[in-house]
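# Breakdown of the fold
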Amino acid sequence: MMRKIFLKLILLGASVLLMDFLLGKGLDYLQAHAKSGNTKRFDYIAHEMCADVVISGSSRCSLHYSPQVFEDSLGMTCYNTGQEGQGIIMQYGWFKLFTKRYTPKIIIYDVMPAFDYLNGEPNEKYLSLLRPFYHESPIDSIILSVDRTERLKMLSSCYRHNGHIFQLLKDFVTPYKEDVLKGYRPVDKEMEYDYSTPPEKASETGLDSLRASYMNRFAQECTNKGIKLIFCSSPYYKAPSYYAANFDFIRDLSKQYDIPFIYHGNDSSYIYDKRLFHNASHMNRKGAEKYSSQIAHEIKAFLDRH
């Protein structure tokens, strides 16, 4: 009797493993053959993008920087890899993937302290978009630096696609549309309220040592590869006077590696005009186009001097 139960358990376990393996392979196929959407975009950034100028950061990057404006100003190809809710852990992973293939001339990084080096949400939140690339070095080491238990979880072929299955299916069947905006995602909407939630003070949150270490690595590796790295901070609606202090870490890092840091977080020509924002943290298309033109001009002037 016990032998039969034992054999059934073995068969059940083997069936689960087989199903996990087959489903995982199917999801891998959907990812590799996606026609559109974020799945296609992420694969493009990792395996195809070869822009001269790469703009990276969080949603404030994807909404505030128009590649076309930079192309017109700098005379170089440009792509925006900004991604909502993400920061240096994910962006460093993508940086490692695309620099295995080629070396961009310039990287513009829009710094978001809460995502890039200040304490905040657990770092596990930044792993979701890296997991599908776990088997591509060095993504595995980045993921494991955040959570060592990921090594065991990755034994499941399906696990790395958790939370993305419906996105994979949608992006596999949806016809491809050319990304004419090159990663830029402007919003055509104006603020309908007059309220902002000020960012927390850096002194109240402190540094996240892991994220800070990846910012340092990123700066060091760009310097070693001869990539001109430029840190920027775009406008924040009604940013309080103390907001500038949140960037002390990036100012010190910039001095250490001789990296320019262009700060517009408290720029009065933006931060009191609701017509330029669609919420307190993000500008709309009108604000983004104005800011892109200004920052592109400032970067061009800097490059001309150097």
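Reading guide: rules and limits
Residues numbered from 1 in each chain as written. Predicted model: local features only at pLDDT ≥ 70, side-chain atom pairs only at ≥ 80, totals over all residues. Heavy atoms only, no water. Phe/Tyr/Trp six-rings, centres within 6.5 Å; stacked < 30°, edge-to-face > 60°. Helix = DSSP H or I, 4+ residues; strand = E, 2+ residues; numbered from the N terminus. Lys NZ or Arg CZ within 6 Å of the ring centre and 35° of its normal. Axes fitted to C-alpha atoms, helices over the stretch in contact; angles between N-to-C directions. Parallel < 35°, antiparallel > 145°, perpendicular 65-115°, else oblique. Left-handed = near helix turned anticlockwise from the far one by under 90°. Contact = heavy atoms within 4.5 Å.

Attention now moves to the packing of aromatic side chains. Per the counting criterion, the structure on display carries 21 aromatic pairs. Taken together, a centroid distance of 5.2 Å and an interplanar angle of 50 degrees make the contact between Y44 and Y79 tilted. In this pair, Y44 sits in helix α2 (residues 37–47) while Y79 sits in strand β2 (residues 78–80), placing the two residues 35 residues apart along the sequence. Centre to centre, the rings of Y92 and Y214 are 5.1 Å apart; their planes meet at 45 degrees, and the pair counts as tilted. Here Y92 is found in helix α5 (residues 88–98), whereas its partner Y214 is found in helix α11 (residues 209–225), with 122 residues between them in sequence. Put simply, the rings of Y92, F95, F98, Y102, Y109, Y214, F218 and F231 pair up and form one aromatic cluster. Lying over the aromatic face of F172, K35 brings its terminal NZ or CZ to 4.2 Å of the ring centre. A cation over a ring is seen here: R251 above Y263, with NZ or CZ 5.3 Å from the ring centre.

Here the focus is the packing of α5 against helix α7 (residues 139–146). As a packed pair, α5 and α7 sit with axes 10 Å apart at the nearest point and diverge in direction by 165 degrees. One element, α5, and the other, α7, form an angle in the roughly antiparallel class. Like other packed secondary-structure pairs, α5 and α7 cross with a definite hand, here right-handed. Two secondary-structure elements touch here, α5 through I89, Y92, G93 and L97 and α7 through I139, I142 and V146.

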